[in-house]
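Each chain, letter by letter, is given below.
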Amino acid sequence: MMAGSLGVSALAGPLAAPASLAAALLAAVAALLLLAALALVVKDAAAWWRLRRIPGPPSLPLLGCIPQILRRGGPFFFRDCAGRYGPVFKVALGRTWTVVVADAELARQAGQKLRNHVIIEPNLMRTWILDMDQYGLFQAKDAHWRLVRSSWQPAFSSASLSGYLPRMMDCAEALAGRLAGRAAGAGRVDLWRELGAMTLQVVGSTAYGVDFQTTGEEPQPQPQPLGQEEGQGRGVGKGAQQQGPHFGKRLAQAAGDIFRVGSAFHGSRYQRVAMLFPELRRPLSALAHALPDRPFARLVESRMYLFHACMDLITAWKGRTGDPKEGSSNGSDDVRGANGHHQGNGHVNGAAGGGAAALAPIGPVEDSGQVEGRAVPKGAAKGDVPGVDPPAPSVSPGSFLGLMLAARDKATGQGLTDLQVAAQVSTFILAGYETTANALTFAVYCLATNPEAEARLIAEVDSVLGPDRLPTEADLSRLVYTEAVINEAMRLFPPAHATTRIVGEEPVEIGGVTLPPATPVILAIMTAHTDPRVWPRVDDFVPERFMPTSPLYPEVCAKVPGAHAPFGYGSRMCIGWKFALMEAKAVLAILYQRLRFEMEPGQGPLPLATALTLAPRDGLWVRPVLRSH
Ligand code: HEM
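A brief structural summary. Note that the structure is a prediction, hence the values are computed from the model and not measured. (Residues numbered from 1 in each chain as written. Predicted model: local features only at pLDDT ≥ 70, side-chain atom pairs only at ≥ 80, totals over all residues. Heavy atoms only, no water.)

A few words on the packing of aromatic side chains. Under the defined criterion, the tally for this structure stands at 21 aromatic pairs. Aromatic side chains Trp 152 and Phe 428 sit 5.6 Å apart centroid to centroid with 15 degrees between the ring planes, which places their arrangement in the stacked category. Of this pair, Trp 152 sits in helix H6 (residues 142-152) while Phe 428 sits in helix H14 (residues 418-448); the two residues are 276 residues apart in sequence, bridging distant segments of the chain. Using a relative accessible area of 3% as the deciding quantity, one classes Trp 152 as buried. Taking the relative accessible area as the measure of exposure, Phe 428 reaches 5% and is therefore buried. When the ring of Phe 428 is compared with that of Phe 579, the centres are 6.0 Å apart and the planes differ by 80 degrees; the resulting orientation is edge-to-face. Residue Phe 428 is located in helix H14, and its partner Phe 579 is located in helix H20 (residues 577-594); the two are separated by 151 residues in the primary sequence. Judged on exposure class, the residue Phe 428 and its partner Phe 579 are both buried. By way of ring pairs, the aromatic residues Trp 152, Phe 156, Tyr 164, Tyr 208, Phe 212, Phe 400, Phe 428 and Phe 579 are connected into one cluster. (Phe/Tyr/Trp six-rings, centres within 6.5 Å; stacked < 30°, edge-to-face > 60°. Helix = DSSP H or I, 4+ residues; strand = E, 2+ residues; numbered from the N terminus. Buried < 20%, exposed > 50% of the residue type's maximum accessible area, 1.4 Å probe, protein only.)

Our focus in this paragraph is the site of the ligand. With respect to spatial proximity, 31 residues lie near the ligand, and among them His 117, Arg 149, Thr 499, Arg 501 and Cys 574 are the closest. Note that an oxygen atom of the ligand is positioned 2.9 Å from one of the side-chain N or O atoms of Trp 145. Between the ligand and the protein, one listed contact pairs an oxygen atom with a side-chain N or O atom of Thr 499 at 2.6 Å. Contributions of two or more residues to the shell around the ligand are made by H6, H14, strand S6 (499-502) and H20. The leading source of residues in the shell around the ligand is H14, at 7 residues. A breakdown of the residues in the shell around the ligand according to their chemical character gives 20 nonpolar, 8 polar and 3 charged. (Near = heavy atom within 4 Å. Polar contact = N/O pair within 3.5 Å; in protein donor to acceptor, adjacent residues only side chain to side chain. Nonpolar A, V, L, I, M, F, W, Y, C, P; charged D, E, K, R; others polar.)

Running from amino to carboxyl end, helix H15 (residues 451-465) crosses H20 at an angle of 95 degrees, the nearest separation of the two axes being 9 Å. Judged by the angle between their axes, H15 and H20 are roughly perpendicular. Contacts between H15 and H20 involve Glu 454, Leu 457, Ile 458, Val 461 and Leu 465 on the former and, on the latter, Leu 588, Ala 589, Tyr 592 and Gln 593. Tallied by class, the residues present in the contact of H15 with H20 amount to 7 nonpolar, 1 polar and 1 charged. (Axes fitted to C-alpha atoms, helices over the stretch in contact; angles between N-to-C directions. Parallel < 35°, antiparallel > 145°, perpendicular 65-115°, else oblique. Contact = heavy atoms within 4.5 Å.)

What follows covers unusual backbone geometry. The step from Gly 604 to Pro 605 runs through a cis peptide bond, and the omega angle for that step is -10 degrees. In this fold, Pro 605 is placed in the loop between strand S10 (595-599) and strand S11 (608-610). Phi at Thr 127 takes a positive value of approximately 40 degrees, unusual for a residue other than glycine. Among the structural elements, Thr 127 can be located in helix H5 (residues 127-135). Exposure remark for Thr 127: the relative accessible area of 49% places this residue in the partly exposed category.

This is the structure in C-alpha cells:
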C-alpha cells in the first residue's frame, strides 16, 4: 500500500510540473486579460467623463449606439436624438464617444471653427493604401492640407469650369441618346447606375483628359486599357495591368464598392470588431489581410484597382507630356511592392506594359499653360487658403495631374510624391463621381414624383434652350428653376448626409457646450436640412423656396444663413461644389430636353442606403419616355 502510494506520487511528480505550469500560464493570461479589460473600462469611463455634461441617448456597453444606427440609419437616428436631447448631443460609436451637431446654425459654426476632418472608423488598410488615404485632400491635415487645397484650387476656378462645360455636355448628350434608344424600346433602366457611369466619364474627361469608357453596352472594339490585356478576373491585389476594355465599368464598380463596403456599419466583420476595439487595429488589419471575409476581400480588391488606375493615369500623363520621370519631385520610396507593378523609388514605371501609353487623351491639352510637361499658373490669383502660392486662375480640361505634379510647398519647395499625387487622383474620382450621380438621381426621383415641378422644369428648359440647342454658360445661369430643383433635392437627400471635424488642441464652444480637445464631431447635414423650425413644409419637395423671386425665399433661405449646406461648411467646404452644380444643371437640362422619366412601380418611398454617402439602396428604376415637342 505504502509502496503503491509512493509509486503514484513518484509518477505524479513529473506530470504535476507541466500541469501546474499550464495552470500558472492560464492564470497569468487570465490576469492579463482582466487587466486589459480593466484598462479599457477605465479608458472608456474617462472618455465618457470628458463629455459627461453633454446629453445623449442611452448606449450599450461596447456596442454603444451602433444597433440603433443600424436599425434606423444614421441620419434618421440623429434626427430622433436632436428632437430628444437638443442640437448638440453625444453618441457612442462602438466605444468611441462622438459629439453630433444637428442644428443648421451650430453646424455652420462648428464647421468654421474646426479645421480638420476625422475618420471615426479605424482604417484596416495598410502600407501605401493607408498612407494614400491620409494624403488625399479630404483627410489631409494642417500644412499638408493647405498645400494640397491650394494646388487643387485652379482646377475649380470659373475659367477652368468654362472649359469643362463642353465635355460635360458631350457625356450628357451621349447618355440622353442612350436613354432615348431605351425609350423607343420601352426598356426600364436603373438611372442611378447610368448617371454614375456618366459622372465618372465626366471626371475622366474633365480632370484627366481620358475617356474612361464607363458606358459601353458591349466590350469596346478599340479599347483604351490602362493595362495590357483583358483582365483575368478581379482577385485581391490584381493590378491594373490586368485590367482591360471594361476598365471604366470596373472602375465604377470599385469606386461604388469603396462607398458601400468601406464603412464598418456595412462592411467586413473585421471592421466592425475594429470599431469596438480600435486599439487592436494593427492585429486586426493583419488578420483581415491574411484571412479576409468577403466584404474585406472586395474592399481590398477595389482599393487595389483604384490605386493601380491612379498610378496608370500618372504614368499616362507623364508619357504624354514627354518625360516619364518628370514631376515626381521627392523620389520617395512610397510605392514599393504593389504586386510588382508599381515599384521603384517613388516613380511609376514608364508606360508600364504599354497600358498607360494606350490611355489615349480625349483632346489636345495644348493651351493648358504647360511648361516642361506641367500645368502652371497662367497668372496670379488669390487662393482660398492663406500661406501658400497663389494658385492659377485656370487650367485646361484634362490637366489636373499636371497641376498636382507642379504643386510646390512655398516654404520648402517640396513637391508631392507620386503616392501623394495618386491620393489626389483617387480623391477626385471618389469625391467627384458618386455624390453628383446621387444628387442627379434624387432630383429625377423628386421630379418623377412631383408632376407639377416636372412640368415647370420642362417649361423652363424649353423656353431657355428650345428643343435641340445645347446650353451655353449664359443659358445655365438662366436655368433658375432647374437649379432650385437640384438644391431642393439635395436638401431632402443630401448625398453627403454628414461630414466630420475633430477638435484641435484647445477646447471649443458650440452652442454653449464645451467640446474638449481631440473630440470627434459629426456635423449632421441631413438632420439640419430637415429641421421643421427652419424649413416650413419640411418633408415636401418645394423647389420654389430656392428661387430668390419666390415669396417663400426670404422665409426659408434667409432665416438661417447657411442652413442649406449640402457641400459642407467653412474652409473645408467641398472644393468641387461649382463643378458639381454646373454638371448637374447641364445634365438635367439636356436629359429633360428630350425625355421625361416614369417611375417603375414599387419604389416609393425610395429605400435609402446611408453608408458613407446617401444613395438609393436599390437604384432608381425608371422608364424613359420621349417628349413630343
Ligand atoms: C453633388 C455633389 C457633391 C456633394 C453633395 C459634395 C459634398 C461634399 C461635402 C459635404 C464635403 C465635406 C465638406 C465639409 O467637411 O465641410 C465635401 C468635401 C469635398 N468634396 Fe465634395 N461634393 C460633391 C461633389 C464633389 C466633386 C464633383 C468634387 C470634385 C473633385 C468634390 C471634391 C471634394 C473634396 C476634394 C472634398 C474635401 C475638401 C477638403 O477637405 O478641403 N466634391 N464634398
